[in-house]
Amino acid sequence: FYLTPSQVNSILKANEYSFKVPEFDGKNVSSVLGFDSNQLPANAPIEDRRSAATCLQTRGMLLGVFDGHAGCACAQAVSERLFYYIAVSLLPHETLLEIENAVESGRALLPILQWHKHPNDYFSKEASKLYFNSLRTYWQELIDLNSGETTDVREALINAFKRLDNDISLEAQVGDPNSFLNYLVLRVAFSGATACVAHVDGIDLHVANTGDSRAMLGVQEEDGSWSAVNLSYDHNAQNEREVERVKMEHPKSEEKSLVKQDRLLGLLMPFRAFGDVKFKWSIELQKRVVESGPDQLNDNEYTKFIPPNYYTPPYLTAEPEVIHHRLRPQDKFLVLATDGLWETMHRQDVARIVGEYLTGVHHQQPIAVGGYKVTLGQMHGLLTERRARISSVFEDQNAATHLIRHAVGNNEFGTVDHERLSKMLSLPEELARMYRDDITIIVVQFNSRVIGAYQNEE
Amino acid sequence: AARMFLRLLSDIQWRAAHPRWRMTGSQRSTSTTAEPHPVSLPAQAQVVICGGGIMGTSVAYHLSKMGLKDIVLLEQGRLAAGTTRFCAGIVSAARPLSVELKMAHYSNKLYQQLEQETGVQTGYMKTGSISLAQTQDRLISLKRIASSLNVMGIPCEIISPKEVLKLHPLINIHDLVGAMYVPEDALVSSANVSLALATAASRNGVQIHERTCVSHVTIQKGRVTGVETDRGRIQCDYFVNCAGQWAYELGHSGEEPVHIPLHACEHFYLLTHPLKDPLSSSLPTIVDPDGRIYIRNWQGGILSGGFEKNPKPLFTEGRNQLEIQNLQEDWDHFGPLLGALLRRMPGLEALQIMQLVNCPESFTPDMRCIMGESPTARGYFVLAGMNSAGISYGGGAGKYLAEWIVNGYPSENVWPLDLKRFGTLQSSRTFLRHRVMEVMPLMCDLKVPRWDFQTGRQLRTSPLYDRLDAQGARWMEKHGFERVKYFVPPGSDLLDLDHSKTFYKPDWFDIVGSEVKCCKEAVSVIDMSSFTKFEISSTGDQALESLQYLCSNDLDVPVGHVVHTGMLNEKGGYENDCSIARLSKRSFFMISPTDQQVHCWTWLKNHLPDDSNLVLEDVTWKYTALNLIGPRAVDVLSELSYAPMTAEHFPSLFCKEMSVGYANGIRVMSITHTGEPGFVLYIPIEYALHVYNEVMNMGQKYGIRNAGYYALRSLRIEKFFAFWGQDLDAFTTPMECGREFQVKLDKGLEFLGQEALWEQKQNGVYKRFTMFILEDHDTDMDLWPWWGEPIFRNGRYVGKTTSSAYSYTLERHVCLGFVHHFDEKTGEELVVTTDFINQGEYEIDIAGQRFQAKAKLYPFSSLFTQRRRKDEVELSGYQRE
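It should be emphasised that the depicted structure is a prediction, and the values quoted were computed from it without experimental measurement. (Residues numbered from 1 in each chain as written. Chains lettered and ligands numbered in written order. Predicted model: local features only at pLDDT ≥ 70, side-chain atom pairs only at ≥ 80, totals over all residues. Heavy atoms only, no water.)

Chemist: What is the right way to look at the interface of chain B and chain A in this model?
Modeler: If you look at the interface, chain B gives 17 residues, while chain A gives 13 residues. Together, the buried faces of chain B and chain A total about 1,400 Å²; carbon and sulfur atoms form 64% of this surface. Three residues, B:W331, B:D332 and B:I353, lead the burial of chain B against chain A; their summed loss comes to 39% of the area buried on that side. Where chain B touches chain A, the interface holds zero salt bridges. Here chain B and chain A share five residue pairs in polar contact (both at pLDDT 80 or more) between them. No other element matches helix 10 (residues 331-344) of chain B, which puts eight residues into the side of chain B that touches chain A. Here the residues of the side of chain B that touches chain A sort into ten nonpolar, four polar and three charged. (Contact = heavy atoms within 4.5 Å. Buried area = accessible area lost by both parts, 1.4 Å probe. Salt bridge = Lys/Arg side-chain N within 4 Å of Asp/Glu carboxyl O. Polar contact = N/O pair within 3.5 Å; in protein donor to acceptor, adjacent residues only side chain to side chain. Helix = DSSP H or I, 4+ residues; strand = E, 2+ residues; numbered from the N terminus. Nonpolar A, V, L, I, M, F, W, Y, C, P; charged D, E, K, R; others polar.)

Structure (structure tokens):
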């Protein structure tokens, strides 16, 4: 039993989304041409989330991928809320005041973000009031703190990450009179999510990363070949600096129990994450919240379970590492993806596949007959073969889909094997998780012309 | 590689044989260093031609033949080094348009004797050409061309696939349904033809200067005064822009731009090494339009190119992008054409490639070339935009343009090619880029009746556009203006664009039928805003005096009267056909066909006295025109205006300003352009929506509905109304189309064309506009007539149709056309009398099939029994479009 190519396509394309930055009079002045995104579930329901939005009160575009664990509640909440926290952190004092005054007097709010969402990317209606109140408290504090300094993007990103995680934690501790919401905030806090977020404004690209998703820049070398530049560090056991950091933060006595089998406390793969209060709260706090919480929580073995060797919490933080990169004309695209992609593909291959996809046929070396002896028949054969190769690329209208096709379907020679692709996609739900992880990808394409112009201005 | 090609195609012997060139001492090396010019430019000349390709040299050749002495030809590089050098060199008369066919036919005869005349080898070889048909529809279109070639005396036959194989052994015929063979089509070396023409011109005194760049043309008071070049200035009376794909830029280089709407596309063809048994140089050229390719023999091998579906326009932003010589071969782009070639000639698989040539060609918005005088600068002539048929047209086009310069008008009706058919609106680079991407593939697409371009649309629209569109309007475009063809009623399912192409009965047949019925029995509304509208007014009698001179009819009528009149040239031919309303003693309102906007304006500007008290204004954009057609129009309008509209109060051919609904100042004219009763409302555009809504609301109880131009067309043709640009042209006089009543020879004032008309009145006419009713034609099963079908009288060719339509009243097809009387022995044109028309048995040839037709010189009176008013004037009045 095999899926037909069109069945395979409908599975691969179910979640694909593309956004093109509108051109004004044929002249796109944004450094971003647009982005393609897609996700392929392995868990049911999928635990990955993605977000993309344009900041309306400041310049720039935000894109992020979120990899949830122990359920999808935390990833869902972060995907809905984090960009608001970032946008608010970036806002100048006057705008914050304006917004606060509008809320105070019941006037219409200035829109802060323009979301670019796939129809499947939902926002929770029930929690919006709760989320809004937390966000409002945050900006009120920012107004009170008014430092008068211009906002630094790096700082804004770090503050937003930390603040949101703090709010998640607080909301769970306080609870909510509405039982549905009460359960929701607890599930958000007890599950976890990593986040990898890019902020692009002109030639300034910031990537804030918490956890083991990854951001990678695709660079085209002068000879036309493709190379990859990392714009994030994985926060896991493979990262020695990260292991060092964790060890520094706890007494030497815990050194051996901190990281076991490449996991934090022998349990958690990412070393930084949102939520996961089991790795952040004291044992007393955990017990109190679980006991006073709803029955569903109380009956849940996972929430009641206290990690072994749990002496000096918190063991986990949501604070991101931020990398700043000034875009150059040779920087053609940015890939944000959850670890589901990076487990199966080397970044160098990712750079090549996306690069060749985006440049498409234009970069196939043109044929020149020159002085060679070529017959019409040979030429015809050659051209037919080239067309076939191109049409396989154009089967996908979305770079993220194209990458997923390779990630799932690549054989040992690095080309897509339909048989393998079909097998991987027709695995039953319960088996899928064993062969692959959720994959979420955003490919942002840059406008080299605009970036070149920025450079020349300087 | 491109440089090598120069040596291959253009024979360099001409230079040794004719050392009398007055040009640079260049050794034709590839070095680009500027060399001294031995001969300096003259300070003045009568004519300066820019461009040394086939067009420029042909114009120079013909001008000098016609006796002009003082001619200078300037070429920025070297002669015949642009598109002319690269072009495939096929001379073929198989062209759909009659004037194009005549140009190609003349070119062929000219090139044939050119070698003898000049001593320059032109490579002329009469090989013939075979156009293949893979489908029945294609065969029909070939048969139509064959019909018109045959009556022109150009041998041509429709042959079977097996006969194709006999003529050309390499062809795979299994997918063919037939073909057209034109045995006299030829091959030439286009560069050498151009050099031969230059040689002859030079002998006749034309000065040729290579490596001389025209920077711009100076224009003063609307006239060409001279040319600025990189080697100095030349004063001149006439300038001819033959700059090919640079013609657009050259036109825009001066202070006053001359708009020449053309745009270049890359064009690819393949050259091969010779076959093992080299192909004979007399092997016919193959055109396979369904495969989008042409194939000719070339030095024992083949030359094959085509017109792909996805053309690559270039030089949109001007010439700076890259030089023509550096254009790249693009094999991936050529792939589909190569596939078509190998399907057509599978035996060529093992043939070795020599080169893929990239030769840009210039294309125009309507697939026709551009010639004529600029509407804004007198003495500024243009010949360019050949849509890749430059070598076929070169001779004929050069001849017509030379005649135009010397005589004031060419010997043929060239309106379809006239630069003035375009306005500034077709001059946008974006428009041109998009349009030529549609035009180039069309070169090979089926040319079916009523084809509308899909690109460059919705530029000029009526304020009612959205309203009409929402009611199911289907649109066509004229001079950039969107006009409704017909309205698709809700729920009816029409074919999509590609499937609606047909030579037979179209799918909208019944829809238009019901619109016509509504015009006849109730009332319909047609938006006719596209018509050209001018106002002419003066402080004294200047407006009346000028119009009396320019128009054949008498315009000294009481205020409020409308006059149908021609504006004739010296020979009595129609330069314009219009309705003029006398608004006041000193002001007139002129309605002309849509595509007269530039032409009529120019004609008036050139003929009106230079008097600041005489004002001519183009008010086309100011008014929306609603045509209310039908017996109940009078009821609708009187209810809306509270004014009596019956014939006693508002006779036919009247014009009155009145209020309609809340809107005041609506110009109402009692004409409908169809012969049916009704009115045209000229509404200031801000009231358009209001008046339209009022009319539709009020009209409801009278059964009002929207109608389109197809209904109008059917109505006017069944009533034998001629239309300027289709039936009438600068070579047709009112006497020849039964409109003597619109000519007031005795109005006591001299008018343009009067003398010619007097002569015709005394001596008779040589052609006569006639109406034909097809007798044994099955509307459902037979091919429909279009226009350009040959007319046979007693089995002999006498002329061609100019328009046709199905008459829903007669339930027959009606064709309009001109009947000539050719002497049976000499072919000389004789006077056409009424008896000659009436005493013949007629047949109309539609794609080779002849249908019996009844000829009539007057419209059916029975069609007008329903008419409420007796108005002969309107009845045989003018009509258009």
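Chemist: Explain unusual backbone geometry here, please?
Modeler: Of note, the amide linkage connecting A:A44 to A:P45 takes the cis form, showing an omega dihedral of -5°. Residue placement: A:P45 occurs in the loop between strand 2 (32-40) and strand 3 (48-55). Its identity as a non-glycine residue notwithstanding, B:F720 has a phi of 70°, on the positive side. Unusually for a residue other than glycine, B:N794 sits at a positive phi of about 50°. Looking at where B:N794 falls in the secondary structure, it is placed in the loop between strand 38 (790-793) and strand 39 (796-807). Classification of B:N794 by relative accessible area gives partly exposed; the value is 45%. (Buried < 20%, exposed > 50% of the residue type's maximum accessible area, 1.4 Å probe, protein only.)

Chemist: Sorry, what's going on with a nonpolar patch on the surface here?
Modeler: Residues and elements named next belong to chain A. Taken together, the side chains of L431, M434 and Y435 present a nonpolar region at the surface, about 360 Å² in accessible area. As for its position among the elements, M434 is in helix 17 (residues 429-435). Using a relative accessible area of 66% as the deciding quantity, one classes M434 as exposed. (Patch = residues over 30% accessible without salt bridge, like charges linked within 9 Å, V, L, I, M, F, W, Y side chains within 5 Å. Areas by Shrake-Rupley, 256 points an atom, 1.4 Å probe, with all protein chains shown as cover.)

Chemist: Just checking my understanding: could you explain the nonpolar core for this structure?
Modeler: Across soluble globular proteins, nonpolar side chains have a tendency to be buried as a group. Residues A:L82, A:F83, A:I86, A:L113 and A:F274 are the most contacted members of the largest nonpolar core, which totals 58 residues. Here this core gets twelve residues from one element, more than from any other, and that element is helix 2 (residues 73-90) of chain A. Residue contacts for A:L113: discarding those within four places in its chain leaves A:A53, A:T54, A:C55, A:L56, A:L62, A:F83, A:Y84 and A:A87. B:I54, B:L79, B:L114 and B:V188 belong to the second largest nonpolar core, which has 55 residues in total. (Core = buried A, V, L, I, M, F, W, Y, C linked by side-chain atoms within 4.5 Å.)

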